[in-house]
Amino acid sequence: MEENLVVHFDGDPVRFTPDGKLSVLDAISALVDSECPTFLWDDVKKKHPEIMSYCGKLLLPKGQSLPVVDNEGWNRLSIVLMDYLGVSDFSCPEEGSI
């Protein structure tokens, strides 16, 4: 079984699948410098549901999955993410606030 590749961008790990797909959450975290990329990703999916047609899932241990995109999906997603650069509303929620 092939292993995933991890590349570090300014210290942030970004996982790639053996076939070259990119972890959406890792890429968001590295690009937008967010400790909680899931909240931003949820907002992207809500405002741009068409982006899901470019996403696949990487199965992880314990039945979990991670959203991944190929090159075309990343090209589309990166355009959408440009709207979020510099936005500070997507920080981690305070404990007990959700």
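Data block above holds the structure.
No experiment lies behind these values; they were computed from the predicted model shown. (Residues numbered from 1 in each chain as written. Predicted model: local features only at pLDDT ≥ 70, side-chain atom pairs only at ≥ 80, totals over all residues. Heavy atoms only, no water.)

## As for the nonpolar core
Among soluble globular proteins, nonpolar side chains are generally buried collectively. Grouped together as the largest cluster of nonpolar side chains are 20 residues, with contacts concentrated most on I28, L40, W41, V44, L77 and L81. At the level of elements, α1 (24-32), α2 (37-47), β4 (55-59), β5 (65-69) and α3 (71-81) are the ones that each hand at least two residues to this core. Among the elements that make up this core, the one with the highest residue count is α1 (five residues). Beyond its immediate chain neighbours, meaning those up to four positions away, W41 contacts V24, L25, I28, I51, M52, C55, P67 and L77. (Core = buried A, V, L, I, M, F, W, Y, C linked by side-chain atoms within 4.5 Å. Buried < 20%, exposed > 50% of the residue type's maximum accessible area, 1.4 Å probe, protein only. Helix = DSSP H or I, 4+ residues; strand = E, 2+ residues; numbered from the N terminus. Contact = heavy atoms within 4.5 Å.)

## Details of the side chain of S29
Inspection of the secondary structure assignment puts S29 in helix α1. On the basis of relative accessibility, which here comes to 17%, the residue S29 falls in the buried class. With sequence-adjacent residues up to four places away left out, S29 is seen in contact with D12, S34 and P37.

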